[in-house]
Amino acid sequence: DRHGLCKYMMVVVTTKGSVRKVLVLVILLLVFVLFFGVGLRRFHDRKVNRVILSVKNTTSGLQDRTCSLHTCFVLSSCSLSKRDKIGVYVYDEPVFVDSGGSLLNVPYTLEYQQLIQAVKSSAYYQPIFTKACLFIPPIDTLSQVRLNVTEVSRSLSSLPGWEDGSNHLLFNMLPGSSPDYNTTIDIAYGKAVLAGGGFSERSYRQYFDVSIPVYNSLTRQAHTGLAQATRKHLLTIFRSQHHLPELIEILEKLSHDERVMGLHQCSKELLAANQSPMLHQCFGSRVVNYPNILQQSRYCLIVHELRYGTHQLLDAMMSGCIPVIVVDGYVLPFSEVLDWTRASIRIHPHDVNKLFSVLEKISVEQENELREQAVFLWEKYFISMEQIAITVLDIINDRIFPHLAKSYESWNNNPLDAAFPAKFQYNYLRLPLPAPDPAQGFTAVILTYDRVDMLYQVMRGVAKAPHLSKILIVWNNLEKSPPPSSEWPVINKPVELIQSKENKLSNRFYPYPEITTDCVLSIDDDIIMLTPDELEFGYTVWTEYPEHLVGFPGRVHFWSEEEKTWKYNSEWTNNISIVLTGAAFYHKLYNHLYTYHLPKSMKDWVDKNMNCEDIAMNFVIANYTGKAPIKVIVFIVLLIKLGLSVKSYSAKKSTHQ
């Protein structure tokens, strides 16, 4: 208490009168005021007016590439607000100077000012440092070109709460610099979350970083609406000498097509004094209005230039020009929650020469839906720096409070689109599916042909699962009758037999009236390795996620560069995009959808080739729900010293939707 200390000094001076004691107490007072006064203000309010950077402000530890939400983010600090919402603290802007007194601050851009103001005006803002769990530094890092990366790194490390960057959030739209143009900003941000505009799949820390767009405020100001747009150009191409060498020749060839507008940056000689290079492009030697051309175009080609991210993506969406994205490995903005397949077309760089044939196959209805969705996403998430900032915080908040996270539908469906349910949902049962009653149990459907001995083993194993309600045997052999009932294994659960009229794989997914439970276990007649405990755990996972396909064997699809085709890995890997139906739980509704709504050509192909029915069912469920499959993982740990075998289980959701 500085007031009490001064009072004590006055008493000492009047009673003792000792000059030496007075001097000692004066020195103590000065030390107290200078050290504790500044310290309290610095470490309790975190308001630093002037920061002198010295050699102590190191830039060690550029970036922690291994970060995840559970290793580099202190989640416990987010419980301080007690409101199921993250508290975001914004540092006051200090004055950074070097040891010689030279000013190091880079002025805020208008975009960064808008971003900061949006955070401060949001429900996430927390003005008290000690009650916040996410912190935004007072340094504009949107464009690396404006920065001295060394000084910015030192400035960050000087912040009183920085430490290793944990729980801090940096925004950067234009990373890298010549000649490398790295996909992340070249500063020492340690364990900070990076909202970046140029991530590749290799640099993006999944479910930790946030991929954001590159925003162009000048194009935004020129936006005039879509209602009267006449789209007379099939495709607009943005040509540049900064494209990958293999693309330059292809783009040049495409530009010669009369249906294509091949735009490029105008030379200074062609632009008039009142023409901005951001709002005017050249078509040959003719200067054209860039926003108008976009509004007159059906599709816009987005290709890799110096950086993965480009403002042309948002420019196209704003104008209703459907993005055709030819950037391999680019992490699209907010792709963690947004379904870009509904708002864009993505083509592998090696298939650019097939571009016109791809576009010609898109129906008028599909084109209109893509355009409407692109404009909807732009208006909801990308229309301003303010909206981009809030969307970043929404995504982070959903990660930290997953029980309150918005659904796929909330992120991607336009609530004003009254036609959406008719276009994307069936009338049989509307999403979300009602919560299942776990006590109801599941029906095991086993498709079999003539492997009777293995079928009996499967039946005995499945019957031991406590929640099994019934076993339904679908006999697909038309030339051989099923064994008589006297030969079937004696089990404590009902068994019903259905003899197929045709030998088709699709029989396993028919909506048999004998299926009386909501949950179906589809299991092959040779899956004898699953234990009752494993089946029970799989069923428990399904009861928590009844809209998903929940199963044991997983697959991951990939592009084979050597064979120029799509393939999938047949190993039982933990990186999945497909769950096979040889051992999987799902809602019986999907049998109805497979039988009556799957395109006939797909069912015919499956039945003709006697293969791929599991892939078709994955398509049915993903198309209907927009949700990823979930793989149930079984870990076996042998405790050799104790001579015990312990099994543990977990569930992994696919990152593919």
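Here, every reference points to the structure presented above.
Report follows, based on the coordinates.

What about the state of the cysteines?
- Under the counting rule described, the total for this entry stands at four disulfides.
- Covalently, C78 is tied to C133 through a disulfide, its sulfur atoms 2.3 Å apart. Disulfide C78-C133: the torsion about the S-S bond is 90°, which places it as right-handed. With a gap of 55 residues between them, C78 in the loop between strand 1 (50–52) and strand 2 (88–90) and C133 in the loop between helix 3 (110–120) and strand 4 (134–136) connect regions that are remote in the sequence. One exposure class covers both C78 and C133, and it is buried.

Details of the environment of L338
- Along the chain, the position of L338 falls in the loop between strand 13 (322–326) and strand 14 (345–346).
- For L338, a relative accessible area of 4% translates into the label buried.
- Aside from chain neighbours lying at most four places away, what touches L338 is P333, L377, Y381, F382, W411 and N412.

Points about unusual backbone geometry
- Phi at N167 is positive, roughly 65°, even though this residue is not glycine.
- The topology assignment puts N167 in the loop between helix 4 (149–158) and strand 5 (169–172).
- Unlike most non-glycine residues, M610 shows phi in positive territory, near 50°.
- One can find M610 in the loop between helix 17 (600–609) and helix 18 (613–625).

Observations concerning the sheet that holds strand 6 (residues 193–196)
- With parallel pairing, the three strands of this open sheet are ordered in space as 5-6-7. Taken across any chain shown, the strands that pair with only one partner, and hence form the sheet edges, are strand 5 and strand 7 (210–211).
- Running over the sheet, helix 11 (residues 385–400) touches strand 5, strand 6 and strand 7 and is turned about 140° from strand 5.

Criteria and cut-off values
- Residues numbered from 1 in each chain as written.
- Predicted model: local features only at pLDDT ≥ 70, side-chain atom pairs only at ≥ 80, totals over all residues.
- Heavy atoms only, no water.
- Disulfide = S-S within 2.5 Å.
- Helix = DSSP H or I, 4+ residues; strand = E, 2+ residues; numbered from the N terminus.
- Buried < 20%, exposed > 50% of the residue type's maximum accessible area, 1.4 Å probe, protein only.
- Contact = heavy atoms within 4.5 Å.
- Pairing = 2+ DSSP bridges.
- Axes fitted to C-alpha atoms, helices over the stretch in contact; angles between N-to-C directions.

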